[in-house]
Amino acid sequence: MEPKPEKLIPYGRQLIEQDDVDAVVRVMNSDALTQGPEVNAFENELAETVGARYVVCVSSGTAALHLACVVAGVRPGAMGITSPITFVASANAIRYAGGHPRFADVDPTTGLVSEGAIRALALSSERPQVIIPVDFAGTPADLPRIGRTAESLGALVIEDAAHALGARYRAADGHWVKAASCTHSAMAILSFHPVKHITSGEGGAITTNDRGLYEALVRLRNHGVTKDPSRLRRHDPEPWYYEQQSLGWNYRMSDLHAALGRSQLRKLSRFVERRRQIAATYDQAFRSLAGFIKPLVIPEGRESAYHLYPVSLVRRPCESLGELSQRRRELYMSLLEDGVQTQVHYIPVPRQPDFERLGFCDAVPGADAYYAGVLSLPIFPAMSDADVSRVVAAVGRATESFMVAA
Ligand SMILES: *Cc1c(COP(=O)(O)O)cnc(C)c1O
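The structure displayed is predicted, hence computed values, not measured ones. (Residues numbered from 1 in each chain as written. Predicted model: local features only at pLDDT ≥ 70, side-chain atom pairs only at ≥ 80, totals over all residues. Heavy atoms only, no water.)

With respect to the nonpolar core
Our working rule: Residues belong to a common nonpolar core when they are buried Ala, Val, Leu, Ile, Met, Phe, Trp, Tyr or Cys residues joined through side-chain atoms within 4.5 Å. With a 1.4 Å probe rolled over the protein chains alone, any residue whose accessible area is under 20% of its type maximum counts as buried; one over 50% counts as exposed, and the rest are partly exposed. Put simply, DSSP marks the helices as runs of H or I at least four residues long and the strands as runs of E at least two long, and each gets a number from the N terminus on. Throughout, a contact is declared for two residues whenever any of their heavy atoms are within 4.5 Å.
Counting residues in hydrophobic clusters, the biggest one holds 47 residues, and the most contacted among them are Phe136, Tyr282, Phe286, Tyr309, Leu335 and Leu377. Counting residues per element, the ones that place at least two in this core are α9 (268–286), β16 (309–313), α10 (321–337), α12 (365–373), β17 (374–377) and α13 (385–405). The element contributing the most residues to this core is α13, with 6 residues. Residues contacting Tyr282, with those up to four places away along its chain left out, are Tyr309, Leu377, Pro378, Met383, Val388, Val391 and Val392. Counting residues in hydrophobic clusters, the runner-up holds 30 residues, among them Val70, Ile94, Ala97 and Ile189.

Description of α10
Our working definition: Multiply 1.5 Å by the residue count of a helix minus one, and that product is the helix's expected span. Relevant arc is that of directions from the helix axis to the C-beta atoms, nothing else.
In this model, α10 (17 residues) spans 24 Å end to end at C-alpha, consistent with the 24 Å of a helix rising 1.5 Å per residue. For α10, the complete set of buried residues consists of Leu324, Arg327, Arg328, Leu331 and Leu335. The arc that holds the buried residues of α10, viewed along the axis, is 105 degrees, so those residues lie on one side. With respect to the buried face of α10, the exposed residues turned more than 90 degrees away are Gly322 and Glu337. Following α10 by one or two positions, Gly339 has its phi on the positive side, about 85 degrees.

Structural notes on the site of the ligand
The line we're drawing: Only heavy atoms are used to decide nearness, and a residue is near a molecule or strand if one of them lies within 4 Å of it. Here a polar contact is taken to be a pair of N or O atoms separated by no more than 3.5 Å, where protein atoms must pair a possible hydrogen donor with a possible acceptor and residues adjacent in sequence count only if both atoms sit in side chains. Per-residue and other accessible areas follow the Shrake-Rupley method at a 1.4 Å probe size, with only the shown protein chains counted as cover for residues.
Every one of the 16 residues lining the ligand counts as a neighbour, but Gly61, Thr62, His163, Ser191 and Lys196 are closest to it. With respect to the ligand, the side chain of Thr62 contributes an N or O atom lying 2.5 Å from an oxygen atom. Here an oxygen atom of the ligand and a side-chain polar atom of Tyr346 are 3.5 Å apart. The protein chains hide 93% of the 380 Å² of surface that the ligand would expose on its own. Looking at the shell around the ligand, the elements with two or more residues in it are α3 (61–71) and α4 (89–96).

What about the packing of helix α1 (residues 18–28) against helix α8 (residues 255–265)?
What counts here: Convention adopted: a line fitted to C-alpha atoms gives each axis, helices being fitted over their contacting stretch, and angles between N-to-C directions are expressed from 0 to 180 degrees. We call two directions roughly parallel when the angle between them is under 35 degrees, roughly antiparallel when it is over 145, roughly perpendicular when it lies between 65 and 115, and oblique otherwise. A crossing counts as left-handed when the near helix is turned anticlockwise from the far one by less than a right angle, and as right-handed when that turn is clockwise.
For the pair α1 and α8, the least separation of the axes is 8 Å and the interaxial angle reads 150 degrees. In this view, α1 runs roughly antiparallel relative to α8, as classed from their interaxial angle. Our pair here, α1 against α8, has a crossing hand that is right-handed. Together, Asp19, Asp20, Ala23, Val24, Val27 and Met28 of α1 and Asp255, Leu256, Ala259, Leu260, Ser263 and Gln264 of α8 make up the contact between the two elements.

Right, dumping it as structure tokens:
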């Protein structure tokens, strides 16, 4: 008899339960569909969760990055530094605002942008207006040191925390602080895309402790329009009066999306806990494969929220990056044949044709080396223990072939 074909395990997916569905349906039967009371409540609950004073919800994490760059003063001619190992949105945001991105290299063992590389890049070129470190895979970047460097350069830090809701790191004084709390940044951004920790379908948010930035973000999310009588430039007595004070966008989140986001936010600690369990099982299982694959290193003083679980193939003596990348492709194909869908996070952004075309193609050898050997294994809260065991077994089988070939 043919063995029953098993379902492909994706690298990530959302977990939607009946109460999430009910929350959205309730809003569909209410008066407000677009931005309304659900968005306000979601913002307050997010502020409480991450420990930031203000939260502005928007239509996506990308919109959040764009608005954050605009209010941080990125204008045509301005430069912004980000990581090459990230989703393209982190760099595109600088471009939307008219600026040009530069890429500071990562540490290939952590995938995190290096504070030393940021400083060296800034000192060897022009002053950056913004620095956008990425909490890659759910591990906070070295925010205390990056924050100090930014301050000395007169740049603002926008923490890209799209991977890091629920993560923590230690401040210089030893205290644990939460990702996106803006303890060491002017603003942080979150994404509620379905592969992230919690989803609102599409959605994002900016967090900040700065009232001026908060008010500007609120205005720009809605066309740059305000109705607040204390802010109006013209004192028109008409009750319907409103004013566009600068060019903004329609980046509002709808109440339907916010209702889903709120329902999911209540499950955040359960979701993060499950991700940590899966990561711990992988860590344990792959210890015996340490000569072949290595999990991402999580530096001291960081607590990852495990958005991703990347493993890197251990490079053989004298192996070229091309050969390494070829073996990574074999691992990818072998896992796929075993019903395990993996993904690569990320192709270095400066290697994208559109970035090369415009000359945004900084040398990032750490990112190139990291990229050549990395693969993200499935990790998501709906994964069963049996799924985790299947992945472990499939990785074991795939690496056996390397042992034979070695
Ligand atoms: C998902 C993601 C974004 C963009 O978020 P969207 O909500 O998809 O627009 C930005 N940065 C990083 C690192 C991400 O993973």
